[in-house]
Amino acid sequence: GESVGLHLPTLSVQEGDNSIINCAYSNSASDYFIWYKQESGKGPQFIIDIRSNMDKRQGQRVTVLLNKTVKHLSLQIAATQPGDSAVYFCAEHDQTGANNLFFGTGTRLTVIP
Amino acid sequence: DSGVTQTPKHLITATGQRVTLRCSPRSGDLSVYWYQQSLDQGLQFLIQYYNGEERAKGNILERFSAQQFPDLHSELNLSSLELGDSALYFCASSVGTEGNYGYTFGSGTRLTVV
């Protein structure tokens, strides 16, 4: 599978600040991207997704930005809360490959009260 | 509750042994995916089944095998276990065969090989 990497393995932010988690992907054929949140002892949980024909998508307190030119994906969390502390994974879907999701290694977000 | 059920939640076994992990997909989902997650690592895709048939294979060792039954539940069999097989094993399900609708994950089985 193609590599999906993250720039920062750990990120600490103050409660109430905005968080930005970045992800680089290498497969230009990827057509769909998802951010997952994994809390300790739990399975990954879907946060937000974006298709390759879009640049931006907003959810509740979260925004995903996709820059296909530089193959970069980011997750922005507004007004970060202690409950946002978790590991965040980006995943890409390769429409030409095995047709599965490939995950990066993740970024651990720690929210400081 | 995500709707994907994995059992057991925890498993401790000795090297050389064989274990079976079980997954029941979310109602209506036909695809089941197995992932391995080692400590502080990402999710490594192992294998996918769709409606009872193997659909895709990832980095799955020959000592590992899986199947999906007519009722759509799936089992992952791990044999000749080694210390390095200690990990979280996740099952995920989706409606179709492709990943572009996202997956729903179970809460995982933590396997410890001693």
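The structure displayed is predicted, hence computed values, not measured ones.

Novice: Account for the overall build of chain A, with residues named and values stated.
Specialist: When its secondary structure is counted, chain A shows zero helices and 11 strands. A buried classification covers 47% of the 113 residues belonging to chain A. Here the analysis covers contacts within chain A between residues at least 6 apart in sequence; of these, 54% occur between residues at least 24 apart. Total accessible area on chain A stands at roughly 5300 Å², and carbon and sulfur atoms take up 46% of it.

Novice: Quick one: what's the story with the sheet that holds strand β1 (residues 5–7) of chain B, residue by residue and with numbers?
Specialist: All names here are of chain B. Taken together, the four strands give an open sheet; going across it, the order is β1-β3-β8-β7, and neighbouring strands pair in antiparallel fashion. At either end of the open sheet lies a strand with only one pairing partner, and these are β1 and β7 (64–68). Averaged over all pairs of adjacent strands, the angle between strand axes in this sheet comes to 15°, irrespective of strand direction.

Novice: Hey, could you go over the nonpolar core for me, with residue numbers and the actual values?
Specialist: Among the nonpolar cores identified, the biggest contains 21 residues, and Leu21(B), Trp34(B), Leu76(B), Leu78(B), Tyr89(B) and Leu111(B) are the most heavily contacted of them. Secondary-structure elements contributing two or more residues to this core are β3 (19–24), β4 (31–37), β5 (43–50), β7, β8 (74–78), β9 (87–94) and β11 (109–113) of chain B. When near neighbours in sequence (up to four residues on either side) are disregarded, Tyr89(B) contacts Gln6(B), Leu21(B), Tyr35(B), Gln36(B), Leu46(B), Phe64(B), Leu76(B), Leu78(B), Gly108(B), Thr109(B) and Leu111(B). Counting 20 residues, the second largest nonpolar core, distinct from the first, contains Val13(A), Phe33(A), Leu66(A) and Leu75(A).

Novice: Requested: an account of the packing of aromatic side chains, with residues and values cited.
Specialist: Throughout the structure, instances matching the rule amount to 13 aromatic pairs over all chains. Taking 5.5 Å as the distance between ring centres and 45° as the angle between the ring planes, the aromatic pair formed by Tyr36(A) and Phe103(A) counts as tilted. Note that Tyr36(A) is positioned in strand β4 (residues 30–38) and Phe103(A) in strand β10 (residues 101–103), a separation of 67 residues in sequence. Each member of the pair, Tyr36(A) as well as Phe103(A), is classed as buried. When the ring of Tyr103(B) is compared with that of Phe105(B), the centres are 6.4 Å apart and the planes differ by 50°; the resulting orientation is tilted. Cluster of aromatic residues (ring-pair linked, three or more members): Tyr36(A), Phe46(A), Phe103(A), Tyr33(B), Tyr35(B), Phe45(B), Phe90(B), Tyr103(B) and Phe105(B).

Novice: I'd like to hear about the pairing of β7(B), residue by residue, with values.
Specialist: Only one face of β7(B) is buried: it carries Phe64(B), Ala66(B) and Gln68(B), and the other face, with Ser65(B) and Gln67(B), is open. Connecting β7(B) to the next strand, β8(B), in antiparallel fashion are five residues, including Leu72(B) with a positive phi near 80°.

Novice: Can you explain the side chain of Ser74(B)? Please cite residues and give values.
Specialist: All names here are of chain B. By the element assignment, serine 74 lies in strand β8. Within the structure, serine 74 has its side chain in polar contact with the side chain of tryptophan 34 (distance 2.9 Å). Within the local environment of serine 74, its side chain forms a polar contact with the backbone oxygen of glutamine 67, the two atoms lying 2.9 Å apart. When residues no more than four places from it in sequence are discounted, the contact partners of serine 74 are Leu21, Arg22, Cys23, Val32, Trp34, Gln67 and Gln68.

Novice: How would you summarise the interface of chain A and chain B if you had to cite specific residues and measurements?
Specialist: Contact residues are listed per partner, giving 19 residues for chain A and 21 residues for chain B. Carbon and sulfur atoms make up 52% of the surface buried where chain A meets chain B, a total of about 1500 Å² over both sides. For the pair chain A and chain B, the number of links is zero salt bridges. The tally of links from chain A across to chain B stands at four residue pairs in polar contact (both at pLDDT 80 or more). Listing elements by their share of the side of chain A that touches chain B, those giving two or more residues are β4, β9 (86–94) and β10 of chain A. For the side of chain A that touches chain B, the element with the most residues is β4(A), which contributes four residues.

Novice: Can you explain the pairing of β4(B)? Please cite residues and give values.
Specialist: Residues and elements named next belong to chain B. Burial within β4 is extensive, with seven of its seven residues counted as buried. Pairing geometry for β4 and β5, over seven bridges, is antiparallel. Opposite tyrosine 35, over in β5, you have phenylalanine 45 as the bridge partner. Sheet topology places β4 next to β9; seven bridges connect them, and they run antiparallel. From the neighbouring strand, valine 32 faces β9, where its bridge partner is serine 93.

Procedures and definitions
Residues numbered from 1 in each chain as written. Chains lettered and ligands numbered in written order. Predicted model: local features only at pLDDT ≥ 70, side-chain atom pairs only at ≥ 80, totals over all residues. Heavy atoms only, no water. Helix = DSSP H or I, 4+ residues; strand = E, 2+ residues; numbered from the N terminus. Buried < 20%, exposed > 50% of the residue type's maximum accessible area, 1.4 Å probe, protein only. Contact = heavy atoms within 4.5 Å. Areas by Shrake-Rupley, 256 points an atom, 1.4 Å probe, with all protein chains shown as cover. Pairing = 2+ DSSP bridges. Axes fitted to C-alpha atoms, helices over the stretch in contact; angles between N-to-C directions. Core = buried A, V, L, I, M, F, W, Y, C linked by side-chain atoms within 4.5 Å. Phe/Tyr/Trp six-rings, centres within 6.5 Å; stacked < 30°, edge-to-face > 60°. Polar contact = N/O pair within 3.5 Å; in protein donor to acceptor, adjacent residues only side chain to side chain. Buried area = accessible area lost by both parts, 1.4 Å probe. Salt bridge = Lys/Arg side-chain N within 4 Å of Asp/Glu carboxyl O.

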